[in-house]
Amino acid sequence: KSSSILTQYAFKHTGSGKPPKILITGGLGQLGIECAKLMRNEYGDSNVILSDIIKPSDAVVNQGPYIFADILDFKGLQKIVVDHRVDWIIHFSALLSAIGEQNVPLAVRVNIEGVHNVIELAKQYNLRVFVPSTIGAFGPDSPRNPTPNVTVQRPRTIYGVSKVHAELIGEYYYHKFGLDFRCLRFPGVISSDPPGGGTTDYAVAIFHEALKSGKYNCYLKPDTRLPMMYIEDCLRSLLEFMRAPSDQLKRRVYNVTAMSFTPEELVDKLSKYVPDLHVTYNPDSRQDIADSWPQVFDDSEARRDWNWKPKYDLDSLVDLMVRDVKENYI
Ligand code: AKB
């Protein structure tokens, strides 16, 4: 397979002229399977190992290597890195914002201890490591419209606290040990694969419910504005960021986004595809979380430093989601 200029940059990182060997943790969450597809397309099926503690479907196993990996088991992770000669880790394992509030001790273990293991591992074996952060890493004292890259954070969810911790420990390892730590703060990611336990997930669930039953009961108020992006933009930002030469990065943690919208703006667009769509609003505890998060995310530093540019706006997102959900779930 011929490689692009960008790909050659990435290959240089391995020092062997070969494509990087990539391990994806939390591989059966919202982003893992699609991320593996994208990376396999770039670097070859056998160079991308998807992992999780969940038993995979036949479809997952047929797409490429899949292994058991428990991010809380440091020795087990060491063995995987050595046996498979891993170069990059993409660390997706985490409990999201709403579910984290329901099980704080588990969120601490998965989101904080898990990150410690992965970062220490990356340092020991000289790996490039990606950890996603989030708009949830901000809180009620942060400027919300827009929210710049560097500002007051002080989140009020365990998810947010654990993500600020990941950002800081990653940056610390970068400065202290030269670890090639890379972190993007994602907004709500919209994909037809169901996410689990987030605050922005209404914007995924509404497509499934509306296309199945013509109804949706929204847990956020109609005017709750949050930053969002379509999964394809999200994963492309990850790939482009991972490939960016280290000296092009002015920092290790960047905001990225594509758009901001409210439930009522989304309903308005979706009504064009589901004309008698009936949406009710019953805010619950997730409203408090959303009210403490950015409304508009400033990703100008990512645009400036490594040319980040989203492709999809609200119109194209709704169009693609209606197509994806109809094709795969209806
Ligand atoms: C959540 O809502 O918890 C996530 C996020 C924005 O990080 N989707």
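Thresholds, definitions, all that
Residues numbered from 1 in each chain as written. Predicted model: local features only at pLDDT ≥ 70, side-chain atom pairs only at ≥ 80, totals over all residues. Near = placed C-beta within 6 Å. Nonpolar A, V, L, I, M, F, W, Y, C, P; charged D, E, K, R; others polar. pLDDT = per-residue confidence, 0-100. Contact = placed C-beta atoms within 7 Å. Axes fitted to C-alpha atoms, helices over the stretch in contact; angles between N-to-C directions. Helix = DSSP H or I, 4+ residues; strand = E, 2+ residues; numbered from the N terminus. Parallel < 35°, antiparallel > 145°, perpendicular 65-115°, else oblique. Left-handed = near helix turned anticlockwise from the far one by under 90°. Expected span 1.5 Å × (residues − 1). Buried ≥ 20, exposed ≤ 12 C-beta atoms within 10 Å, placed from the backbone. Pairing = 2+ DSSP bridges. Right-handed = clockwise from strand over helix to strand, strands pointing away.

K.L.:
Give me the lowdown on the site of the ligand, citing residues and values where you can.
P.N.:
Near the ligand the following residues occur: Leu-96, Ser-97, Thr-134, Ile-135, Gly-136, Tyr-159, Gly-188, Gly-198, Thr-199 and Thr-200. Partitioned by chemical class, the residues of the shell around the ligand number three nonpolar, seven polar and no charged.

K.L.:
Quick one: what's the story with the confidence of the model for the protein chain, residue by residue and with numbers?
P.N.:
Across the protein chain, pLDDT averages 94, with 95% of residues at or above 70. Below a pLDDT of 50 lies the segment residues 1-10, which in the model reaches eight contacts outside its immediate sequence neighbourhood of four places, other chains included. Of the two predicted TM-score estimates for the complex, the pTM is 0.94 and the ipTM is 0.99.

K.L.:
I'd love a proper account of the packing of helix α6 (residues 104-124) against helix α7 (residues 158-177), names of residues and values included.
P.N.:
Between α6 and α7, the shortest axis-to-axis distance is 10 Å and the interhelical angle comes to 15°. In terms of their interaxial angle, α6 and α7 are classed as roughly parallel. Seen along the crossing, α6 lies across α7 with a hand that is right-handed. Of the residues in α7, those in contact with Val-104, Ala-107, Val-108, Asn-111, Ile-112, Val-115, Ile-119 and Lys-123 of α6 are Ile-158, Tyr-159, Ser-162, His-165, Ala-166, Ile-169, Gly-170, Tyr-173 and Phe-177. Residues belonging to the contact of α6 with α7 are distributed by class as follows: 12 nonpolar, four polar and one charged.

K.L.:
So what about helix α9 (residues 231-243)? Which residues, and what values?
P.N.:
Taking 1.5 Å per residue as the helical rise, α9 with its 13 residues ought to reach 18 Å, and the 18 Å between its terminal C-alpha atoms agrees with that figure. Turning to α9, its buried residues number three or more, namely Ile-231, Asp-233, Cys-234, Leu-235, Ser-237, Leu-238, Met-242 and Arg-243.

K.L.:
Requested: an account of the pairing of strand β1 (residues 22-25), with residues and values cited.
P.N.:
Residues Ile-22 and Ile-24 point to one face of β1 and Leu-23 and Thr-25 to the other, with burial holding for every one of them. Sheet topology note: the β1/strand β2 (residues 48-52) ladder contains three bridges and is parallel. Each bridged residue has a counterpart across the sheet, and for Leu-23 the counterpart in β2 is Ile-49. For the crossover that starts at β1, traverses helix α2 (residues 32-43) and ends in the parallel β2, the hand is right-handed. Relative to strand β4 (residues 88-91), β1 is paired through four bridges, and the arrangement is parallel. Opposite Leu-23, over in β4, you have Ile-89 as the bridge partner.

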